[in-house]
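Here's the letter readout for the chains.
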Amino acid sequence: MDTVFAGLSQGFAVALNPINFFYVIIGCFSGTLIGALPGIGPINGVAILLPIAYSAGLPPESALILLAGIYYGAEYGGRVSSILLNVPGDAGAVFTTLDGNPMAKKGEAGRALSLSAVASFIGGTISVILMTLFGPLLASVAIHFNPSDYVALMVFAFTCLASLVGKNPIKTLLAAVMGLMIASIGIDANTGVARFTFGIPDILAGIDFLVIVIGLFGMGELITLVEHQVTGKLAVLPVGKSFVSWKDLMVTKWVILRCSLLGFFIGVLPGTGASVASAVAYGTEKRIAGKSGESFGTGDIRGLAAPEAANNGSAGGAMVPMLTLGIPGSGTTAILLGALLLFNVTPGPLMFVQRPEIAWGLIASMYIGNIALLIINLPLVGFFARLLTIPQKYLTPLIAVLAFIGVYSVVSNPFDLYMIIGLGVFGWLLRKLGFSLAPVILGVVLGNLFEDNLRRALSISGGDWMILIESGRSIAIYVLTALILFVPPLVSSLRRRAATNAATSEA
Amino acid sequence: MADRIFGSIALVISLIYGFIAFTIIKAPFQYDPLGPEAWPRILSVVAALCCLYIIARPDGQKFKVLGHTLTRIALVVFFLSAYAVLFERLGFIVSTALFCGVLSRMLGATAKQSVLFGIASGILGYGLCAGLLDLNLPTGAIFKNLKLL
Amino acid sequence: MKLNRFAATALLCTSLIAGSAFAATIDKPECVAPAKPGGGFDLTCRIAQTGLKDQLQELMQVTFMPGGIGAVAINMFNTTRTDDPNAIVAFSSGSLLNIATGKYGEWTENDVRWLATAGADFGAVVVRNDSKFKTLAELMDAFKQGESTVVVGAGGSVGSQDWMKAALLIKSIEKDPKKMRYVAYDGGGDAITGLLGGSIEVYFGDVGEMVSHLGTGTMRVLAVMSPDRLPAPFAEIPTTKELGYDAEWTIMRGYYMGKNVSDDAYNAWVEKFKAAYATEEFAKIQKEKGLLPLNMAGKEFDDDVKKRVDRMRGIAKEAGLIQ
């Protein structure tokens, strides 16, 4: 523990060096801007700005601090377009739209933005603290998480889906299956066989998750806006000077705490990142809320705080396997890992011995970055919220332009532009017919993870299905799944019985 | 009714999906007992059952879109497609200016407003994203050639 | 051939895709990485970008064209940009394997002009430090008992080059690769996690990615799959060949150009690469990016690639991957 504090103080000395501090701030600020563009999340933000940081000839610790700032900034920025425009800023922000956007529509954009900034801050900070204190320990647990444990985790995640049930359970199920079907397009990760690609090279590697999100949500929203405008249903959005209140924080404090931890642990696992973390957090919280969770999806502050705390929690968690083992836990950390190698720094446990100033400087910059982001973001809330006062006739085309920029600038494939338009029409149709899009997204996120890990587990065992319940971890997760499935309804029915009992005894 | 139509279309798609999964997808050899085909097969069956249920018991979801609205929506989809087609050919600035101008005009801006808005969003958007954030946006094949000449 | 080139040029002019097709000087050089930023193709392009800095007038631009494991790019260079004299496209031996197994559809090794190499990497047989296999011979003995006695894994699907490494090694002792217990992970990072966590016993990785793990004492490289011993820090590690197993796997990284690029333009690029190979700077860049020197350009390289694809096709056929 002493080495942790000694290292941390060395790190703060590096990160608080005026020049580096300046880079943290610059990184956070430009990260927020770039993350606010729909489609450009932390992965692409870091990837795009990495060459600039490299060619600017910065010393390695400064460059990495700058990139970490961008990473965190983009994670924060993702919520802006989710809340204001109902267009997810990145993959991890899909679930932020579910309650964030209804709040904005009720005129509480400021409250939503500021609450999400606070939830992000708490999620981010908790995960950095956990990472500093228990990093190596957690990493050793995480690597033992084997394919059958992932299968158990996916079963847990799909159980959360049961809580997303809308008016018609069959439609929810069909929506999820459609998501899974979309995810099955492309080359099979186990046997290399192409599935449902019809010889189109652009989808040989599968449809990019981002394209699906921007298409279903972004373009779908755009068409809905036009429809409402024509039918005169489009009210001018009220922009109150709302802000997060102490009471809001008290209501959501346990939600934020739980989801920060949940997000962090899911982030630590290699292969699962912000999108899985926010999906599971949202579903679990709705489940835990029980009867009162019915307001989820209509602008419930708990439904906003949960995915926000979780996706920032996972950002810190994803750093654990990278810093301790040199294994990237997510797409973004894979790029940070590449950045480390570019600067001739070898990630992994040796980094703390060989280049402590970089390792600890990076960690310290995450603490500073989180605080800086909260300070930068809260005053910007009013500014962002005012974006909603842009008249619809201008805002609607701008949404399309932003979506095009987001999709095109990363991969430069015009095919993706057609894809988002097609998916947009599909998303609009689904919404018109009373389907919820959240299960579709959940299906896409979890589909490949589920199938690949199931088949991986079976290849390891040579076809023996018992491998799925061999480890204690898997069994523990299944028990947890049963709890989340049965306890909330049980509790609420007991409560109801108690209430009726009380009512009858009073009478 | 809308539910039934959608259910039928979805059913046809699930059946095609299932047909491919049951007949075409096959690995030369595999190390897991499921192979590439088992998962899609399960999905197709579940999807088809869901579709049948929706066709049998539609939940009466109304799909009210007036002809007028539908034309507008079709127009927007057309504009978006045109934007996508022109995006690389004309480059970001010109295609964005056209798209923003036309769509804002349709959504109720005056002619002068929409022209100004189109030009502004094309140029500002490019300056901000390509210049400041160094994102990769198409300059347009036309301009590339002009520069070479 | 000539007519073809003429037709393509005409098409090019009308569709206004790129500049003059007749120029032999390279302006606005571009390296296309057929993937998302951050991966191996990105790295390959960065080598050309920094390595040719002194050879080109302008800094080469790196653009990304992901989709279909490189299929989108090869498609593009066979339909619209067949004679773009200013663009090179990154590829790896994985792309060659895709050609050999027909994953790129109609396009074969004869549809592009193979230009030059960026460098090479080699397969590595890796186990956990506390593994019961202390030498490659012990591992091979286990395989001789039965292919399925050992759980092996790598970062690619059946038929990928990661799988090829395992298959070749098993084939070298006359055993059947189809009978092994192979676990396909999503990339090397995931597979290393699987190895450290004990899900798999042997990992077939690359030498380059092991650099950062060598000093940590978590993993051991039993053998490298290179033709000769590698320089430090791998000098102590035996090759599969010297241990008596005919299983060699070179991961080649390089560049190709469109099929109808003029000889002038092609040769101009070849000269640039040959000039760069001669500099110490280029060797330094290769080393920095975790590659080992393998410098070939022009006709010699084109022939070598075609031979490789041919050999891969043979292996794939034998393994039952293609008919």
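Residues numbered from 1 in each chain as written. Chains lettered and ligands numbered in written order. Predicted model: local features only at pLDDT ≥ 70, side-chain atom pairs only at ≥ 80, totals over all residues.

Novice: I tried to follow the overall build of chain C on my own but got confused; where do I start?
Specialist: Scanning chain C for helices and strands turns up 11 helices and nine strands. Of the contacts formed within chain C by residues at least 6 apart in sequence, a portion of 77% connects residues at least 24 apart. (Helix = DSSP H or I, 4+ residues; strand = E, 2+ residues; numbered from the N terminus. Contact = placed C-beta atoms within 7 Å.)

Novice: Explain the UniProt feature "transmembrane region" (unreviewed entry) in chain B here, please?
Specialist: Residue and element names in this part refer to chain B. Under the present numbering, the feature "transmembrane region" (unreviewed entry) in UniProt falls on residues 5-26, 38-56, 65-84, 90-108 and 115-133. Strand forms 0% of residues 65-84 and helix 90%; the C-alpha atoms that close the span are 26 Å apart. Annotated as residues 90-108, this span is 89% helix and 0% strand, and its ends, taken at the C-alpha atoms, are 26 Å apart. (UniProt positions renumbered as here; feature names shortened; annotations may be inferred.)

Novice: What is the right way to read helix α1 (residues 2-24) of chain B from this model?
Specialist: Given 3.6 residues per turn, any residue in an α-helix points the same way as the ones three and four places further on. With 23 residues, α1 of chain B extends 32 Å from end C-alpha to end C-alpha; this agrees with the ideal 33 Å at 1.5 Å per step. Next to the buried residues of α1 of chain B lie α8 (169-183) of chain A together with α2 (35-56) of chain B. (Expected span 1.5 Å × (residues − 1).)

Novice: Honestly, the domain arrangement of chain C in this entry has me stumped. Any pointers?
Specialist: A common way to express how large an interface is: the accessible area buried when the components associate. Residues and elements named next belong to chain C. Taken as a whole, chain C is organised into domain 1 (8-120 + 251-318) and domain 2 (122-224). Facing nine residues of domain 1, the contacting portion of domain 2 comprises eight residues. In terms of residue count, the dominant contributor to the side of domain 1 that touches domain 2 is helix α4 (residues 93-100) (three residues). Grouping the constituent residues of the side of domain 1 that touches domain 2 by class yields five nonpolar, four polar and no charged. (Domains from an automatic or database assignment. Nonpolar A, V, L, I, M, F, W, Y, C, P; charged D, E, K, R; others polar.)

Novice: Please explain the interface of chain A and chain C as it appears in this structure.
Specialist: Between chain A and chain C, the residue contacts involve 39 residues of the former and 38 residues of the latter. Mapped by element, the contributors of at least two residues to the side of chain A that touches chain C are α13 (331-342), α14 (349-354) and α18 (437-461) of chain A. For the side of chain A that touches chain C, the element with the highest residue contribution is α18 of chain A, accounting for four residues. Across the side of chain A that touches chain C, the residue classes tally to 19 nonpolar, 16 polar and four charged.

Novice: Any chance you could explain unusual backbone geometry here in plain terms?
Specialist: Peptide bonds are trans in most cases, and residues, glycine excluded, mostly fall at negative phi. With phi around 65°, Asn 86 of chain A is a residue other than glycine that occupies positive phi space. Mapping Asn 86 of chain A onto the fold places it in the loop between α4 (60-85) and α5 (94-105).

Novice: Whenever I open this one, the pairing of strand β3 (residues 87-92) of chain C confuses me. Can you help?
Specialist: Every regular strand shows the same layout, with side chains that alternate between the two sheet faces. Residues and elements named next belong to chain C. Of all six residues that make up β3, six are buried, and the element is covered over most of its length. Side-chain alternation along β3 places Ala 87, Val 89 and Phe 91 on one buried face and Ile 88, Ala 90 and Ser 92 on a second face that is also buried. Pairing geometry for strand β1 (residues 30-33) and β3, over three bridges, is parallel. Bridge assignment links Glu 30 to a residue of β3, and that residue is Ala 87. The pairing of β3 with strand β9 (residues 250-258) spans four bridges and is classified as antiparallel. Each bridged residue has a counterpart across the sheet, and for Ser 92 the counterpart in β9 is Arg 253. (Buried ≥ 20, exposed ≤ 12 C-beta atoms within 10 Å, placed from the backbone. Pairing = 2+ DSSP bridges.)

Novice: Explain the domain arrangement of chain B here, please?
Specialist: Assigned domains within chain B: domain 1 (2-56) and domain 2 (67-146). The C-alpha centroid of domain 2 of chain B is placed 39 Å from the C-alpha centroid of domain 1 of chain B.

Novice: Hey, could you run me through the confidence of the model for chain C in this one?
Specialist: Any region with low pLDDT has predicted coordinates that should not be read closely. All names here are of chain C. With 90% of its residues at a pLDDT of 70 or more, chain C shows a mean pLDDT of 83. Looking across chain C, the model is least confident in helix α1 (residues 2-15), with a mean pLDDT of 40, and most confident in helix α5 (residues 136-145), with 93. In the model, residues 1-23 has pLDDT below 50 throughout and makes 28 contacts with residues more than four positions away in sequence or in other chains. Across the whole predicted complex the pTM is 0.83, and at the interface the ipTM reaches 0.90. (pLDDT = per-residue confidence, 0-100.)

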